[in-house]
Structures are given as structure tokens and as C-alpha cells.
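Structure assessment
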Amino acid sequence: MTVFRLLLVSAVCLCLAGIIRRYARRLSGSALPRQDRSRGRTPWQITHILLHLPVTLITDVLLLRRTLRTSPYRWVMHALTLSGFTGLLLFHALDDVVSRPFIAGYESTLDPWQWLRNLLGGLVVAGCLMALVRRLRTRGLRPATRLQDWLFMGMVAGIVLSGFALEATKIISPNVFNRMTDTYFVPESDADIPALQAFWSARNGVRFSPPAGTDAELIARGAELHADNCSYCHADTSSAFLSRALATAISPAADALNAAQTDAFFWFLHVGLALAGLALLPYGKFLHPVATPLNLVLRNRRHDAATIPDTATAARLGFEACTRCGECSLHCSVAPHFAAMGNPNILPSEKLVSLRKHAAGALDTSAINALAEGSRICTECMRCTDICPSGINLQDLWLSSKQALRQQALDGPNTTIRQCTATQWAEVLRTQGASRFEQVRGNGLADRAESFWGCVQCTTCTSVCPVVAVSEAPAKDLDLTPQQIMNLLRMGLKDQTLAARMVWSCTTCYKCQEHCPQNIQVADILFELRQIATERLRERDLTACPLPGPSAPARAPMDNALPHPAPKGSSGDPA
Amino acid sequence: MKYAYFPGCKIAHHLPDYGTSVRSLCTALGITLVPLEFSCCGWPVRHENAVASVFSAVRNFAVAARAGLSIVTPCKCCFGNLKYAQARMASDAGLAAEVGNLLGREGLPLPDRVEVLHLLNVLDRDIGADRLRERTVRPLHGLKVACHYGCHALRPGNVTEFDDPLAPTVFERILTAVGATTVEWDLRLECCGNPLRGRDDTISDALMRKKRENARAAGADVLATGCTYCQMQFAAPSGEEKTHPAPDAILFTQLLEAALGLAPAPCAMPDGTTEAR
């Protein structure tokens, strides 16, 4: 037992240290810039939350209201696992603390406890099976499933299954029987032990080697001895219905299993897994049994994007409360964009993982760019926030993180392109050559002569363009006019047009296209030029101009890791 | 009259009033809006990635087709991009194959053409000006409205099939039916500037300011919008606007609600009342 104590204390220490480390870690302000915006009202808001605490605890924490609202299947799955595991934790793992002191006559091998333990274990196994089926069968969940998801599921199931295996191998084990009789049983005659063995073998499934007697009289004598000596502490093993069934199933191999002392192995496995689970509690989704209820209480049954209380601590609690159930990603409005573009950061559950790493300063340049792309593509539809079973205010997190990326000029090609002049970009993009996108999808409007060879340079597109109209000096402000762009394309100088302010400040009103007497798809071509430039930047992970910009300080190529102030209006504003 | 309701992404968080107003108006007029779990229309990503944009739109057609419904949306950018995706699918075989492949991975069939309508089309076609006039309990007499059309529904006209792209009338037809006076103004069909919001705020502001000034010069009391993005643009706080009072932008559904007696007037009325009831 001293080994057990030592391991237990180590696991508890690791767990506490991990939790302190996780919450004490300062978030880099560049990932989630936020100040406490409601400092004055916070005490009243907290009182409000405390007043609602009993209701929130019952509906959201115990009855999993939010989970039921999102997915009844997940509710059944989670309710089975939660009720089973909590029951086992309180009455079985903590029996010295809870069961023994508070329940008179408690003995783990007496009914109803023995039966209940099997029932609760069965609930957990059923819940884990449902979770496994859900992960394997739900198509959209595969990209939102990581090692930690399998590990957590495996850990919960492993603890309970090893418990069943331990109980089953103990049931069949003559060693365990002998240990008990040596300690607690004083035989009055030499025939007592064989009689008790016969009874335990026939009734409770112990597999002796050589087999115990099967004589009815012997068993009847054993029954008397059992009633006088054992039954105070031992219900029939048949009430441990799952373990006993398992014992029956493995009994053909009983001799080998008993000889190998398999029950000792399963004891170490069961205790080892449980302690490992405890030590892993501060990491990833292992923390959710602690963090999620806290966040649910703080969210006070809200589903909107309001942050009450609006403090950094509240935001932090939500940040850590993800159970990685993946429901947000299954229902995400831009999940199709993920399917087409393949960047997992488009999915909310995966973006949250990246954002957490980014806040800890653990992302490299290309991972930050991927996070920035995922953040930019989010349409702020609030669906993830509405359905999150953990009640995380994702909308608020996304709005904050988008703002942070914007401040670092990491909000996409539109910002990147404006950091150098069109001429400089033309040089960079020309040297790079066509992106894979152009080569594979290629032959789009901008590359196909038929799309603009009807252009007679009549300037209608330029004269109807509202962007040209609000520019005082279009040649300077916009680099090129729409009709000049068509002319450059006609001359095969596509690279020269890719970064023109006219292309990037096109307001997509389609007047040019509607009014073109030659039916040239001017606006569609401008869309395509932006897409082409975006792909070229994406291909090279460019989030800043590799050449020194006109007003931006000179910096080394590819030096994207540091936040830069956005050089607003670097290519000239129409004043 | 039963439609798959496509509110678009922005209403839930950025413009919930529009959602409330659209639902209340449709309920009153007997238009059933069926909520389906749609994805993004594909408009915001169209600057970056054509496949993602078209696939996202087409996935919505598959969802609507499964329910056997036409799509109605109150957002002109959603409307425009959904129509654009249909046009691209019909004209670009390579893209259509790629999209079909992505749909197949989700176990969805490539749908037949699904009808996509803007709410104005539905009111015009299914309800009609006459019935709107009959239902009006508090006509907007004397209210001078500048109808702001919204580019993405109008153009390109051969793709959107919304109305005559050079001389549309549907917006005025609906608002005059409930008693409003619509004004003639030069920039009626111009852009509100929202597509450049956050991309080029200088030009975005300039476009909005110019439109507002033109509507005011034409004598408009309010500027009516029928698009989530346009309304967000006009409602966006801008230092310039405070010093230059210009007509407020009002969602057309809120004007109709006021006229039909479903809600208080969203703006000051010419007769001095601010409430319809």
C-alpha cells in the first residue's frame, strides 16, 4: 500500500502543479487583446450569477441541458459516462472518504455496492462505446478528432474495463480465496477448507486447481461455513453481474491466468490508469470535468455573445473549457470552406486549439498564418456560440482574436498587398510564377484571351466605376483603372495587375460588367485576379511584402513572425 | 407560400433586428419560413477562393432540394452569390465537377436547379402590391423614401435575374403600395461601400457619404435598405456622419411592419408621430 500512497501523492502533486501552470500562464496579449470592460459592474454581475447558481447547477451542469439541446445522442452518451464515472469516483475510488464514514455497514463486496459498481461501470462502458461510434461514424468529426480525443476516451474506458478485468480475475483466483481464508477463517476440521472451496467454486466461480469437489453434501457444508464466516462481507459474486460474466468467459483459461497472477497485473493497470488520468487532468480536454462546469456557471445559461461579467478572467475560463466534442465544427457555417481549402483552422474547435497555442506563444509563422486564414474566413454567424454544449463564448473569442490579428497586420492578403506598391508586388509575384492554383484550375478568365479580346478600350468601365469616381487622382490612388487592367491582360501582363489598388479596392458593384458594350466580365476578372494573388501569397506563406515598402520600415524577407503596425494608406489615400 | 429561410451569417449577431422583422412580416403575410441548417452563401470568401465560395453555395442548394423548397433570403449579397454560384456551375464544367466531388464526400447529391429569391421578389410575386395596399392599416403617407437597391441583387443582371438591372422598379412598387413616396435620385443603383469595409475604409466611407448626400439632396426622409450588409454599412458609426445629418437607413421590412400595423414606426413620421399605434 505504501507504493500506492506514493503514487497517489505524486499524481495529486502533478495534477495540482499542472492546473496552476495552466491557469497561471500569462496569455500573450497579442493573441487576445482585451481589457476588463465592466470593472465597476462586476460585483453586481457576480451576485446575479450566484443567485442563479442553484438552477444553473441543476440544469446545465447535472442535467446537461446544453448538450441535450445540441444533440440528444451526445446527451445520452455523456449522461451515461458522467453519471457512471461520478458514481464510481465518489463511492468506489473515494470509498475511504465517502462511503465508509457516511454509510453504515458499507463493504465494497456487499450488495447493493457490488451490484451498483457493476451497473455504474456498465454505464461508463456504454457511454464510451457510443462515443467511439460517434467519432468513427460522423463524417464531419474526423478532421476535428485528435490524439487527445482518443487518449481521453481510451483512458476513461481503460480505467473501467481494467476494473472489470480486475474483479473478474479476482473472482476466479484461488490465491485471493486463500488470502481471505488465511486471514479471516479459522477451520475447525481439515474438511472445512475443501467444503468452503467447493461452495465458492460452485456458487461464486472460483477456479481451483485441481478443481474443487462437486459433491452436493460437501457444497452444502461449505454453504453453512460461508453463511457463518464469509457472508457478512461477501454477497454472491453473481451480483457483480458484468465481472462475473467476464469471469465465466475467461474461466477456460483460469489455470494459466491464476498461475500468472493476472489479478495483480490488472490491479496495477487499474490503479495506474486511474492515477495517470489524475496526473493528466490539467492537460487538453482532460481538464474539462473541472473547467467546463465552472464556465457553465459563469455563463449563467446564456447563448449569445454577451460577456457577463466582461472580464479577462471570465474570458479565460471559457478559453480552457472546451471538451472537444466537435459540435461547433459539425454545424459551422464555413465548414464547406474547410472541405474546399483543407485548413483545419477554419473549424472552430481546431481554431481554438491553435489560438490557445498562439496565446502561449507556441506557434511558428506558417501555423500563425493558418490561424489567421481560419480566423479571417469565419463569418461571425454565432452558430458555434449558440450551440456550444460547454457554453463557451466563442463569438467573443473570435472577435477578440480577429482584432488582434488585424492589429498585427495578419488579417489577410488585402492587408499584405497594401504593404508594398503594385510595381514591387508585380516584381515579386512575377519572379514567383504561376501558383499551383493557376496551373491546375488555370485557364480562367484572366488567362484566356477570349475573355477580354473584345475590349475596344472605350473606357465605359472606368467612367461608371464608383471607386474611380470617388478618387481625386485615380492614376495615383488606384494604380490602374479597370480599362487599363483589361489592356494589360490583353498584352499578357497579368502579373502587373495583381497588386493594383484598383483590383483590391474594387467594391464588386458589377457596374463595369453590366455596362460593358462588349460583354466583358470585368468585375469577374477582378475577382479572379484577387484570387490568383491570394493563392500566390498563400503558396509562399507571405504575410508581408518581402521588399521594403514605401512607408514601412525595411525588414528581412519572410520576417513575418513579429507583429508589425499596419502601414495604413501606404499606397496613397484618395483624400 | 413556403420557403427555406436563408438569413445569412450576419443577422444572428450583427443585425438581429432584421431577422425579427423579416419573421414577423412573413408570418403576418402568410409566408412560411422554414429554418434549415444552411452554410455560408460563399460571398465573403469569394475574394480568396472560388471553389470554396461556389461549393458553400451549392451545398445550400442540396440542403434546400432535400427539403423540396425554394430559398428566400433578405440579404442581397447572399442572394447575389447564390445566383452567381448557379451561373458558374452551369458555365464552368471543371468547377462543377470539383464541387460535385466535394458534395459527394458529404454524401449529398448534386441538386437540380433550386429557385433562389430575394424577399422583395417574394413579396412582389406572391403577395403583390394590391394585397399589400389592402393590408395597410397605417399608410406611410408623406414619408419620402430613397430606395437603395443593393448591387449584388441587381448586377450582373443576366446572372441575378432580380429586376431590370438598369431601371429596376420592384422596391418602389412595394413601398408605394403601403403609401410611401419614393424619390428619384441619381445614385439609387450605386454601391453602399460595405464590400470595402475593413478592406479599404477610406473608399468605403467615401461611397457611403456620397450616397447619403445624394439621397438627402433628392429630399429623402429615409433611405430604405433590403440587405443585411447595406444596412450594416449605413448603421456603422462614422465620425463624419454625426456632423452631417443625412437620411437614416431603415430596413424595408420595418417600414412594411409599421404600415401593416405590426410594429411601431422605425423612424419619425411626417405627421409628427413616432409610433404607428
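It should be emphasised that the depicted structure is a prediction, and the values quoted were computed from it without experimental measurement.

Overview of the interface of chain A and chain B
The interface of chain A with chain B comprises 50 residues on the first partner and 53 residues on the second. The junction of chain A with chain B conceals about 4200 Å² of combined surface from both sides, 55% of it contributed by carbon and sulfur atoms. Summed over the shared surface of chain A and chain B, the result is four salt bridges. Where A:Arg501 meets B:Asp200, a salt bridge forms, and the shortest distance between an N and an O atom there is 2.4 Å. One can count 20 residue pairs in polar contact (both at pLDDT 80 or more) joining chain A with chain B. At six residues, helix α34 (residues 522–539) of chain A tops the list of elements feeding residues into the side of chain A that touches chain B. When grouped by side-chain class, the residues that make up the side of chain A that touches chain B number 23 nonpolar, 13 polar and 14 charged.

Regarding the nonpolar core
Grouped together as the largest cluster of nonpolar side chains are 148 residues, with contacts concentrated most on A:Trp425, B:Leu123 and B:Leu175. Among the domains, domain 1 (2–117) and domain 2 (126–259) of chain B are the pair contributing at least three residues each to this core. In this structure, A:Trp425 is in contact with A:Thr416, A:Ile417, A:Cys420, A:Arg430, A:Ala499, A:Leu537, A:Leu542, A:Ala544, A:Cys545 and A:Pro546, ignoring residues within four places of it in sequence.

Quick word on the packing of aromatic side chains
Two aromatic rings are characterised by how far apart their centres lie and by the angle between their planes. Scanning the entire structure with this criterion turns up 14 aromatic pairs over all chains. Here A:Phe265 and A:Phe266 contribute two aromatic rings whose centre-to-centre distance is 5.2 Å and whose plane-to-plane angle is 65°, an arrangement assigned as edge-to-face. With a relative accessible area of 19%, A:Phe266 lands in the buried category. Among the aromatic residues, those joined into a ring-pair cluster are A:Phe4, A:Trp267 and A:Phe268. Positioned above the aromatic ring of A:Trp398 is the side chain of A:Lys351, whose terminal nitrogen or guanidinium carbon lies 4.1 Å from the ring centre. The lysine or arginine in question, B:Arg46, covers the ring of B:Tyr84, its NZ or CZ lying 3.5 Å from the ring centre.

Regarding the state of the cysteines
For the structure on display, the rule yields one disulfide over all chains. A:Cys509 takes part in no disulfide bond, and the closest cysteine sulfur to it belongs to B:Cys151, at a distance of 4.9 Å.

Topic: the side chain of B:Ser39
Turning to its location among the elements, B:Ser39 is positioned in the loop between β2 (32–35) and α3 (50–67). Given a relative accessible area of 5%, B:Ser39 falls into the buried group. If we ignore the near neighbours within four places in the chain, the residues touching B:Ser39 are A:Ser333, A:Pro336, B:Phe6, B:Ser56, B:Arg59 and B:Asn60.

Points about the packing of helix α19 (residues 348–359) of chain A against helix α20 (residues 365–377) of chain A
All names here are of chain A. Running from amino to carboxyl end, α19 crosses α20 at an angle of 130°, the nearest separation of the two axes being 10 Å. On the basis of the axis angle, α19 is oblique to α20. Handedness of the α19/α20 crossing: left-handed. Contact residues: Lys351, Ser354, Leu355 and His358 in α19; Ile368, Leu371, Gly374 and Ser375 in α20. Residue classes in the contact of α19 with α20 are distributed as three nonpolar, four polar and one charged.

Points about the pattern of salt bridges
Residues and elements named next belong to chain A. On inspection of all chains with the given rule, the structure shows 45 salt bridges over all chains. Across the salt bridge formed by Glu320 and Arg22, the nearest N and O atoms sit 2.6 Å from each other. Residue Glu320 is found in the loop between α16 (312–319) and α17 (327–331), and its partner Arg22 is found in helix α1 (residues 2–24); the two are separated by 298 residues along the sequence. Grouping residues by exposure puts Glu320 and Arg22 together as buried. With a shortest N-O distance of 3.2 Å, Arg430 and Glu427 are connected by a salt bridge. On the criterion of helical spacing, the pair formed by Arg430 and Glu427 is a turn pair, its members being three residues apart in helix α24 (residues 422–432). The exposure class assigned to Arg430 is partly exposed, which follows from its relative accessible area of 44%. Exposure remark for Glu427: the relative accessible area of 40% places this residue in the partly exposed category.

Examining the domain arrangement of chain B
All names here are of chain B. When its domains are assigned, chain B resolves into domain 1 (2–117) and domain 2 (126–259). For domain 1 versus domain 2, the separation of C-alpha centres amounts to 23 Å. Contacts between the two partners involve 27 residues from domain 1 and, on the opposite side, 29 residues from domain 2. Taken together, the two surfaces of domain 1 and domain 2 that pack against each other cover about 2500 Å², and 67% of this comes from carbon and sulfur. Looking only at domain 1, the three residues that lose the most surface to domain 2 are Tyr18, Leu29 and Lys76, adding up to 28% of its buried area. The tally of links from domain 1 across to domain 2 stands at two salt bridges. Between Lys83 and Glu161 there is a salt bridge, with its nearest N and O atoms 3.2 Å apart. Between domain 1 and domain 2 we count nine residue pairs in polar contact (both at pLDDT 80 or more) in total. It is helix α2 (residues 16–29) that provides the largest number of residues to the side of domain 1 that touches domain 2, a total of eight residues.

Digging into helix α10 (residues 192–204) of chain A
Residue and element names in this part refer to chain A. Its 13 residues give α10 an end-to-end C-alpha distance of 17 Å, which sits within 8% of 18 Å, the value for a rise of 1.5 Å per residue. Within the span of α10, buried status applies to Asp192, Ala195, Leu196, Gln197, Ala198, Phe199, Trp200, Ser201 and Asn204. Next to the buried residues of α10 lie α8 (147–172), α9 (174–184), α11 (216–229) and α12 (241–250). Just beyond α10, the residue with positive phi is Gly205, at close to 85°.

Thresholds applied
- Residues numbered from 1 in each chain as written.
- Chains lettered and ligands numbered in written order.
- Predicted model: local features only at pLDDT ≥ 70, side-chain atom pairs only at ≥ 80, totals over all residues.
- Heavy atoms only, no water.
- Contact = heavy atoms within 4.5 Å.
- Buried area = accessible area lost by both parts, 1.4 Å probe.
- Salt bridge = Lys/Arg side-chain N within 4 Å of Asp/Glu carboxyl O.
- Polar contact = N/O pair within 3.5 Å; in protein donor to acceptor, adjacent residues only side chain to side chain.
- Helix = DSSP H or I, 4+ residues; strand = E, 2+ residues; numbered from the N terminus.
- Nonpolar A, V, L, I, M, F, W, Y, C, P; charged D, E, K, R; others polar.
- Core = buried A, V, L, I, M, F, W, Y, C linked by side-chain atoms within 4.5 Å.
- Buried < 20%, exposed > 50% of the residue type's maximum accessible area, 1.4 Å probe, protein only.
- Domains from an automatic or database assignment.
- Phe/Tyr/Trp six-rings, centres within 6.5 Å; stacked < 30°, edge-to-face > 60°.
- Lys NZ or Arg CZ within 6 Å of the ring centre and 35° of its normal.
- Disulfide = S-S within 2.5 Å.
- Axes fitted to C-alpha atoms, helices over the stretch in contact; angles between N-to-C directions.
- Parallel < 35°, antiparallel > 145°, perpendicular 65-115°, else oblique.
- Left-handed = near helix turned anticlockwise from the far one by under 90°.
- Expected span 1.5 Å × (residues − 1).

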